[in-house]
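Observations on chain architecture
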Amino acid sequence: MTVDTQQKGDERVHWLPMIAAISSISVVGIAIGLGMPLLSVILETRGHSASMIGLNTAVAGLASIAGAPLATPLAMRLGVAWTMLLMIAVGALAFVGFHFAPDFWMWFPLRVALHISLTVLFILSEFWISTSAPPHRRGLVLGIYATVLSLGFAAGPWLFAHLGSSGFLPFGVTIALVTLAAIPVLAARNESPAIVADGETSHFLRYIWMVPTATFAVLVFGAVETGGFSLFPVYGNRIGYSEADAALLLTMIGLGNVLLQIPIGMISDRVSDRRYLLLACAAVGLIGTVFMPFFAQNWHLMAALLFVWGGVVAAMYTIGLAHLGSQLSGHELASANAAFVLCYGVGMVIGPQAIGIGMDAFGPSGFGWSLALFFAAYMLLVCVRLVRKIL
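Residues numbered from 1 in each chain as written. Predicted model: local features only at pLDDT ≥ 70, side-chain atom pairs only at ≥ 80, totals over all residues. Heavy atoms only, no water.

1. Description of the overall build of the protein chain
Counting its secondary structure elements, the protein chain contains 15 helices and zero strands. Here the C-alpha atoms of the protein chain give a radius of gyration of 21 Å, agreeing with the 21 Å that 2.2 N^0.38 yields for 391 residues. With respect to the three principal axes, the spread of C-alpha positions in the protein chain is 55 × 55 × 35 Å. Looking at the 391 residues of the protein chain, the share that counts as buried comes to 53%. Contacts spanning at least 24 positions in sequence make up 84% of the contacts within the protein chain whose residues lie at least 6 apart. (Helix = DSSP H or I, 4+ residues; strand = E, 2+ residues; numbered from the N terminus. Rg over C-alpha atoms; globule rule 2.2 N^0.38 Å. Buried < 20%, exposed > 50% of the residue type's maximum accessible area, 1.4 Å probe, protein only. Contact = heavy atoms within 4.5 Å.)

2. Quick notes on helix α11 (residues 243-269)
Look at α11: 40 Å from first C-alpha to last across 27 residues, which is about the 39 Å you get at 1.5 Å a residue. Along α11, the largest kink reaches about 45 degrees and is centred on Leu260; proline Pro263 follows within four residues of it. (Expected span 1.5 Å × (residues − 1). Bend = angle between axes of the 7 residues up to and from the residue.)

3. A short note on the pattern of salt bridges
As enumerated under the stated definition, the model contains two salt bridges in all. Here Asp269 ties to Arg274 by a salt bridge, and the two come within 3.1 Å at their closest N and O atoms. You'll find Asp269 and Arg274 in the same group, each marked buried. With a shortest N-O distance of 2.9 Å, Arg275 and Asp273 are connected by a salt bridge. Asp273 matches Arg275 in its accessibility class, with the two residues each being buried. (Salt bridge = Lys/Arg side-chain N within 4 Å of Asp/Glu carboxyl O.)

4. Some points on the environment of Lys389
Mapped onto the elements of the fold, Lys389 is located in helix α15 (residues 365-390). The exposure class of Lys389 is exposed, given its relative accessible area of 52%.

5. Quick look at a nonpolar patch on the surface
A cluster of nonpolar side chains, namely Leu78, Trp82, Leu86 and Leu186, defines an oily patch on the protein surface of about 360 Å² accessible area. By the element assignment, Leu86 lies in helix α5 (residues 80-100). Residue classification places Leu86 among the partly exposed positions, given a relative accessible area of 37%. (Patch = residues over 30% accessible without salt bridge, like charges linked within 9 Å, V, L, I, M, F, W, Y side chains within 5 Å. Areas by Shrake-Rupley, 256 points an atom, 1.4 Å probe, with all protein chains shown as cover.)

6. Quick look at the packing of helix α2 (residues 15-45) against helix α7 (residues 138-163)
Taken N-terminus to C-terminus, the directions of α2 and α7 make an angle of 35 degrees; their axes are 7 Å apart at the nearest point. Considering how the two elements wind past one another, α2 and α7 form a crossing that is right-handed. When grouped by side-chain class, the residues that make up the contact of α2 with α7 number 20 nonpolar, five polar and no charged. (Axes fitted to C-alpha atoms, helices over the stretch in contact; angles between N-to-C directions. Left-handed = near helix turned anticlockwise from the far one by under 90°. Nonpolar A, V, L, I, M, F, W, Y, C, P; charged D, E, K, R; others polar.)

7. Side note on the nonpolar core
Within the largest apolar cluster, 121 residues are counted, with the highest numbers of intra-cluster contacts made by Trp309, Phe367 and Phe375. With residues near it in sequence (within four places) discarded, Phe375 still touches Val220, Val224, Ala282, Gly285, Leu286, Thr289, Trp309, Val313 and Met316. (Core = buried A, V, L, I, M, F, W, Y, C linked by side-chain atoms within 4.5 Å.)

8. Quick look at the packing of aromatic side chains
Any aromatic ring pair is given by two values, namely how distant the centres are and how the planes are angled relative to each other. Under the criterion given, the structure shown has 17 aromatic pairs. Between Phe104 and Phe108 the ring centres are 5.2 Å apart and the planes differ by 75 degrees, which places this aromatic pair in the edge-to-face class. For the pair Trp209 and Phe216, a centre-to-centre distance of 5.4 Å together with 45 degrees between the ring planes defines the contact as tilted. Assessed through its relative accessible area of 57%, Trp209 is described here as exposed. The class of Phe216 is partly exposed, set by a relative accessible area of 22%. Chaining the aromatic ring pairs together yields one cluster made of Phe95, Phe98, Trp107 and Phe171. Looking at Arg206, its charged tip hangs above the ring of Tyr207, at a distance of 5.7 Å from the centre. (Phe/Tyr/Trp six-rings, centres within 6.5 Å; stacked < 30°, edge-to-face > 60°. Lys NZ or Arg CZ within 6 Å of the ring centre and 35° of its normal.)

9. Details of the packing of α5 against helix α8 (residues 169-187)
Two elements in contact, α5 and α8, have axes whose closest approach is 10 Å; the angle formed by their N-to-C orientations is 175 degrees. Classified by the angle between their axes, α5 and α8 sit roughly antiparallel to one another. Residues Ala81, Trp82, Met84, Leu85, Ile88, Ala92, Phe95, Val96, Phe98 and His99 of α5 form the contact with α8, whose own contacting residues are Phe171, Thr174, Ile175, Val178, Ala181, Ala182, Val185 and Leu186. (Parallel < 35°, antiparallel > 145°, perpendicular 65-115°, else oblique.)

10. Remarks on helix α3 (residues 50-67)
Between its first and last C-alpha, α3 extends 26 Å over 18 residues, near the 26 Å set by a 1.5 Å rise per residue. Every buried residue of α3 is accounted for by Ile53, Asn56, Val59, Ala60, Gly61, Ala63, Ser64 and Gly67. Where the residues of α3 are buried, they touch α2, α4 (71-78) and α6 (107-132).

Spatial relationships are all this shows, so hold off on functional conclusions.
Right under this line is the structure:
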């Protein structure tokens, strides 16, 4: 029996905690979108090489992987809302520390502290949203969450373009935004879900395999999103697009991400088994990569393809999270949410490497083939799981 079946009688929409979790993490998204380019530009103006800037930035991914297992134990000890407030404070202090840190080596522990706090925030906010949304609205709510978060990430660079990188002003604005993120969490603290240990001492990694169609969906999305976004400008240049045209195509992917999450989330609420929808999203991802070379000579066709492709592929994250929430609850859901975010971090690490190797080995076509390999492998996994269910 699934958790959705068990909770069928609870049809209430817990608006206050959902608004608190969505608004707080979205404000943090704005801060991330503003802060990440800010830190890179400051390091460059201080004379650090691109490789050193990349090394410092790469620490973020490793910190996210290391921080994921900490979320559930902290929330069990302190409570979900108070842990989120603590992480907001730690993140704010770490971020302002970059402005005052005179030596480059100091940026490494600051980067670790910042991204561990952000990772815990994302895990607990998604857990809070999943537990507050009734089963028949979970896809819609998570679609709203993904949409608002995407808008937050997009607003960050826009703010950076207006604030610049000089002085304390961009840091002050970021700290103000992060402080605002604490207000809705504080307001809804009495409605935050409790996480109670069930006496089980299973290893954290066990939760990756409890709902593999969800956790591997986010791994594929992390690999495709990070690798695809970072290497698409290179791919675009090699097939003849100007830098501006390639950047606009990336914008179309982001636009699809923003506009398609809510309708796809609503569709997922009407599907009895979300694994079929995850399979369909992966199939669209695979078909889209196959058609990219054929559409490449027509910018408008390519833009339309990438709009649909970007939105549907991004839905693997949203639907995967909804599927996770439909299968687990309580302590298990909190731990599985942590495993979910950890898999996203793993995808971020392996995606750029795999796609880069594919392009080096096979030229521009290696971009699409590498992406297709991720989707095909995931489709095989889902098909095996569905066949086992039938048999």
